[in-house]
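Letter by letter, the chains look like this.
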Amino acid sequence: MKKRPTPPSSSSSPQAAFSPSRLWLGLQLLFWASVFACSLALIRIAARSASPDAVVGEEPPVTVGPSKIAFLFLARSNLPLDFVWHTFFQNAEEEKFSIYVHSEPGFVFDKTTTRSPFFFGRHLRDSIKVIWGESTMVEAERLLLASALKDPSNQRFALISDSCVPLYNFSYIYDYVMSSPKSFVDSFLVKKEGRYSPKMFPTIPRDRWRKGSQWITLVRKHAKIVVDDTVVFPAFRRFCKHLTGEALGGKQKNKEAAQEEHDCITDEHYVQTLFSMTQLDDELERRTLTYTSWNQSIDVKDKRSWHPKTFEFADASPQDIIEIKSINHIYYETEYRTEWCQCNAKFVPCFLFARKFSRSAAMRILNDDLVGPFDAGSLFFPDS
């Protein structure tokens, strides 16, 4: 007698395997997994987002090749000393540098505006109108940094004045800058001057207020910090104002009014204060690489005493340049600090660049072969 086959148990039936309760549980798990994945994506996007003032976007992929120095020129319009920089770059390896120029809006660098093909098309398309002493100067610097950060090969970022000249050839400057893991930022305490406004507190505490030269050379990490900043710069833009005589109410009480209103020049404080607030002082060589000679007039009413001296032909003799290049330390009176110039723990000359140079003074250092072999014909034949 044949036995009937045993019917399958209820636990192994297809209906049981896809019961409503299990289906609901699966849908819930899928929903929460999707929510979790979306949340992670949003967090990553938020973490990488840059300042609304100067957006860099995601860090570009690392490329193979030599690291570059990005030369960031701040110009009023054209570059009056382009012939010096043409010789400088002509004696350089092209894969080791890049050039960016912030000029007045609408100014184009081409064969009609510059002698040097190195500057053709190197102007920023999104430049702004810059007013000396105001926050627009720093905005222009941030635009230059943001543009240069798009190239992953750019690992150092040197801010250059349109009246600045190099004191050495490219090879020396490249090795000097690249050998240091630190940024070069002139930064010191300020105790007596009244540019700090209490209105900046608590965003910017008084003990984090710093001063220094705007001519900085940054490593990539620090350049990105400047561009990504959405806290310190807005406070500067709001409370750090350069006040003209008219704004101070005439000539009689300018000094008192300036102290009351906290006459402030953003580009002499912003980067230094930002790095102080982000605890980066130990990652800096606290000095500039650009030499400036300040007018030493003893007449306190002489407004020129507040501006750098312009080097003319007579001031740019070989001996004058040797004296600048032989400077090996800087004394900061407010901190009673002597900064012995070092690069990667090695003592070096303090300055690689100098300003402000007239065209005649710049021509003189070219003739003395300070920046490389000079071909006078390149002044007249841009294609050379």
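Up top is the structure these notes are about.
Residues numbered from 1 in each chain as written. Predicted model: local features only at pLDDT ≥ 70, side-chain atom pairs only at ≥ 80, totals over all residues. Heavy atoms only, no water.

Draft legend 1. The pattern of salt bridges, seen in detail. For the structure on display, the rule yields 12 salt bridges. Where Lys 68 meets Asp 151, a salt bridge forms, and the shortest distance between an N and an O atom there is 3.1 Å. Here Asp 151 lies in the loop between helix H4 (135-149) and strand S3 (154-161) and Lys 68 lies in strand S1 (residues 68-74), a separation of 83 residues in the sequence. With respect to burial, Lys 68 and Asp 151 carry one shared label: buried. When the shortest N-O distance is used, the salt bridge between Glu 283 and Lys 221 registers 3.0 Å. Of this pair, Glu 283 sits in the loop between helix H9 (270-277) and strand S9 (284-285) while Lys 221 sits in helix H6 (residues 220-228), and the two are 62 residues apart along the sequence. With a relative accessible area of 46%, Lys 221 lands in the partly exposed category. Each member of the salt-bridge network shares a partner with another, and the members are Arg 286, Glu 335, Arg 337 and Glu 339. (Salt bridge = Lys/Arg side-chain N within 4 Å of Asp/Glu carboxyl O. Helix = DSSP H or I, 4+ residues; strand = E, 2+ residues; numbered from the N terminus. Buried < 20%, exposed > 50% of the residue type's maximum accessible area, 1.4 Å probe, protein only.)

Draft legend 2. Expanded view of the packing of aromatic side chains. Under the criterion given, the structure shown has 29 aromatic pairs. Where Tyr 168 meets Tyr 172, the ring centres are 4.3 Å apart and the plane angle is 20°; that geometry is what we call stacked. Since its relative accessible area comes to 32%, Tyr 172 is described here as partly exposed. The ring of Tyr 100 has Arg 122 sitting right over it, with the charged end atom 5.3 Å from the ring centre. The cationic tip of Arg 364 hangs over the ring face of Phe 313; the distance from NZ or CZ to the ring centre is 4.5 Å. (Phe/Tyr/Trp six-rings, centres within 6.5 Å; stacked < 30°, edge-to-face > 60°. Lys NZ or Arg CZ within 6 Å of the ring centre and 35° of its normal.)

Draft legend 3. Representation of unusual backbone geometry within the structure. With an omega dihedral of 5°, the bond running from Phe 201 to Pro 202 counts as a cis peptide bond. Looking at the secondary structure, you find Pro 202 in the loop between strand S6 (188-189) and strand S7 (210-211). For the peptide bond that leads from Arg 355 to Lys 356, omega is -5°, which places it in the cis range. Structurally, Lys 356 is set in the loop between strand S15 (353-355) and helix H11 (359-367). A positive phi is found at Gln 279, a non-glycine position, where the angle reads about 60°. In this structure, Asn 344 takes a positive phi of about 55° despite not being glycine. Note that Asn 344 resides in the loop between strand S13 (342-343) and strand S14 (346-347).

Draft legend 4. Here's a closer look at the state of the cysteines. A full pass over the atoms with the stated rule returns two disulfides. In this model, Cys 240 is linked to Cys 264 through a disulfide, with the two sulfur atoms separated by 1.8 Å. Since a negative S-S torsion denotes a left-handed disulfide, the Cys 240-Cys 264 link at about -80° is left-handed. Taken as a pair, Cys 240 in the loop between helix H7 (232-239) and helix H8 (254-261) and Cys 264 in the loop between H8 and H9 lie far apart in primary sequence, 24 residues in all. When its relative accessible area of 2% is taken as the criterion, Cys 240 is described as buried. In this structure Cys 264 comes out as buried when scored by relative accessible area, which is 0%. Each sulfur of the disulfide joining Cys 341 and Cys 350 lies 1.9 Å from the other. Here Cys 341 and Cys 350 share a disulfide; its torsion about the S-S bond, 90°, makes the bridge right-handed. With a relative accessible area of 1%, Cys 341 lands in the buried category. (Disulfide = S-S within 2.5 Å.)

Draft legend 5. Structural detail: the nonpolar core. If you look at the biggest cluster of nonpolar residues, it comprises 97 residues, and the most contacted ones within it are Phe 71, Phe 73, Phe 89 and Phe 357. Setting aside residues up to four positions removed in sequence, Phe 89 forms contacts with Phe 71, Phe 73, Phe 97, Ile 99, Phe 118 and Phe 119. (Core = buried A, V, L, I, M, F, W, Y, C linked by side-chain atoms within 4.5 Å. Contact = heavy atoms within 4.5 Å.)

Draft legend 6. How the structure looks around the pairing of strand S11 (residues 329-332). On S11, burial follows the alternation: Ile 330 and Tyr 332 on one face are buried, whereas His 329 and Tyr 331 on the facing-out side are not. Where S11 lies against strand S12 (residues 337-340), four bridges are found, and the strand directions are antiparallel. Looking at the pairing, Tyr 332 lines up with Arg 337 of S12. Between S11 and S12, which pair antiparallel in sequence order, lie four residues; one of them, Tyr 336, sits at a positive phi of approximately 50°. (Pairing = 2+ DSSP bridges.)

Draft legend 7. How the structure looks around the packing of H6 against H9. Two elements in contact, H6 and H9, have axes separated by 11 Å at closest approach and are oriented at 105°. The angle between H6 and H9 falls in the class roughly perpendicular. Within the contact between the two elements, H6 uses His 222, Ile 225 and Val 226 and H9 uses Tyr 270, Leu 274 and Phe 275. Among the residues making up the contact of H6 with H9, the classes are represented as five nonpolar, one polar and no charged. (Axes fitted to C-alpha atoms, helices over the stretch in contact; angles between N-to-C directions. Parallel < 35°, antiparallel > 145°, perpendicular 65-115°, else oblique. Nonpolar A, V, L, I, M, F, W, Y, C, P; charged D, E, K, R; others polar.)

Draft legend 8. Seen up close, the side chain of Thr 288. Inspection of the secondary structure puts Thr 288 in the loop between S9 and strand S10 (290-292). The buried category is assigned to Thr 288, whose relative accessible area is 8%. From its side chain, Thr 288 meets the backbone oxygen of Trp 215 in a polar contact 2.7 Å long. In this structure the side chain of Thr 288 is engaged in a polar contact, spanning 3.1 Å, whose partner is the backbone nitrogen of Thr 290. If we skip the residues at most four places from it in the chain, Thr 288 touches Asp 186, Ser 213, Trp 215, Cys 350 and Phe 351. (Polar contact = N/O pair within 3.5 Å; in protein donor to acceptor, adjacent residues only side chain to side chain.)

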